[in-house]
Amino acid sequence: MTVGEICDKLNLEVLSGESGLERNANGVYICDLLSWVMAHAQKDDVWITIQSHSNIVAVASLLELSCIIICEDAEIEDETVRKSAIEGIPIVSSKKSAFELAKDMVNLGLGS
Amino acid sequence: MDNIRYDFEIEKDDFERAGEASSSIKKILRQLGLNSGIIRRVAIAAYEAEMNLVIHSNGGSIVIEIDPRKVTIFANDKGPGIKDVKLAMKEGYSTASDRIREMGFGAGMGLPNMKKCSDDFSIKSILKEGTFIVMKMFLKDGD
């Protein structure tokens, strides 16, 4: 499944990095500690977090994550938006909690 | 393959550019055609070293050397040095400030992650002088 398809099906707002909407998404990783994400998230994972400063794009890009979903409407810095556009990592915003988003992803069949 | 070496200067507190050196290192390894497993290990180790320099040091450098047998990362800084290296190597131990922790850093996983990603890891720290880390990732057939 692509990031674009997930966003369409779940009605998620893509804030930037649209060039990465064709990226493949295979799993989900949820965490707000960047070193923990670095150690455990896998390539093509959708990353759900409330962290929204620009360094999240560096983490996602280094690990080749498929996209970043900022949950619970956490405010997103302009620099994050700018960097995600450069790296082609979609930044997606959602009102939902990480748990609710995870349930949605399971229902879509992600990770199975 | 000849030996290749790149130097990256890392500024203290420069969160805006933090991660750029690691991204460049990853691109270099990709261009050299190394396999994704070793690229991931080097990228994680370089990122953690880079973030440590940004968060904890007075600035320093990340140097990467690639020779036919291995990839070596040197992370050297200009202080302040680590009081208790053994404690710093423990998962979960961190001296990061609350502000840094709120950003999702300071999990106390940086040095342990670096060690895990390396085949050979050495750290030396002298108070007021600096911390000097060498990480080696050996290339196997197929890397």
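Data block above holds the structure.
What this report covers is the structure whose coordinates are included nearby. (Residues numbered from 1 in each chain as written. Chains lettered and ligands numbered in written order. Predicted model: local features only at pLDDT ≥ 70, side-chain atom pairs only at ≥ 80, totals over all residues. Heavy atoms only, no water.)

So, the overall build of chain A
Thinking step 1. The helix and strand tally for chain A stands at five helices and five strands.
Thinking step 2. Secondary structure elements of chain A, listed N to C terminal, follow the sequence α-β-β-α-β-α-β-α-β-α.
Thinking step 3. When the backbone C-alpha atoms are referred to their principal axes, chain A occupies close to 30 × 25 × 25 Å.
Thinking step 4. Sequence-distant contacts in chain A: of pairs separated by 6 or more residues, those separated by 24 or more amount to 50%.
Thinking step 5. Positive and negative side-chain charges of chain A, numbering 8 and 18 respectively, have mean locations separated by a distance of 3 Å. (Helix = DSSP H or I, 4+ residues; strand = E, 2+ residues; numbered from the N terminus. Contact = heavy atoms within 4.5 Å. Lys, Arg positive; Asp, Glu negative; His and termini not counted. Charge placed at Lys NZ, Arg CZ, Asp CG, Glu CD.)

Some remarks on the side chain of S61 of chain B
Thinking step 1. Here S61 of chain B shows up in strand β2 (residues 60-66).
Thinking step 2. Look at S61 of chain B and you get buried, because its relative accessible area is 15%. (Buried < 20%, exposed > 50% of the residue type's maximum accessible area, 1.4 Å probe, protein only.)

A few points about the sheet that holds strand β2 (residues 27-30) of chain A
Residue and element names in this part refer to chain A.
Thinking step 1. Pairing within the open sheet is mixed, and its five strands lie in the order β1-β5-β4-β3-β2. The open sheet has two edge strands, β1 (13-16) and β2, and neither has a second partner. Strand-to-strand twist across the sheet, computed as the mean angle between neighbouring axes with direction ignored, equals 30 degrees.
Thinking step 2. In this structure, β1 lies alongside strand β5 (residues 91-93), joined through three bridges in antiparallel fashion. Within β5, the position partnered with S16 by the bridge is I91.
Thinking step 3. Relative to strand β4 (residues 67-70), helix α3 (residues 55-63) is tilted by about 145 degrees, and along the sheet it contacts β3 (45-49), β4 and β5. (Pairing = 2+ DSSP bridges. Axes fitted to C-alpha atoms, helices over the stretch in contact; angles between N-to-C directions.)

Points about the interface of chain B and chain A
Thinking step 1. Contacts between the two partners involve 25 residues from chain B, matched on the other side by 24 residues from chain A.
Thinking step 2. Buried surface at the junction of chain B and chain A, both sides included, amounts to about 1800 Å², of which 51% is carbon and sulfur.
Thinking step 3. The three residues of chain B that bury the most area against chain A are K26, R40 and Y47 of chain B, which together make up 29% of that side's buried surface.
Thinking step 4. Applying the counting criterion to the chain B and chain A interface returns two salt bridges.
Thinking step 5. We note a salt bridge from E64 of chain A to K26 of chain B, for which the minimum N-O separation is 2.9 Å.
Thinking step 6. Applying the counting rule to chain B against chain A returns 13 residue pairs in polar contact (both at pLDDT 80 or more).
Thinking step 7. When contributions to the side of chain B that touches chain A are tallied by element, the ones reaching two or more residues are α1 (20-31), α2 (36-56) and α5 (110-117) of chain B.
Thinking step 8. Among the residues forming the side of chain B that touches chain A, the class breakdown is 10 nonpolar, six polar and nine charged. (Buried area = accessible area lost by both parts, 1.4 Å probe. Salt bridge = Lys/Arg side-chain N within 4 Å of Asp/Glu carboxyl O. Polar contact = N/O pair within 3.5 Å; in protein donor to acceptor, adjacent residues only side chain to side chain. Nonpolar A, V, L, I, M, F, W, Y, C, P; charged D, E, K, R; others polar.)

In short, shape yes, function no, at least from these values alone.
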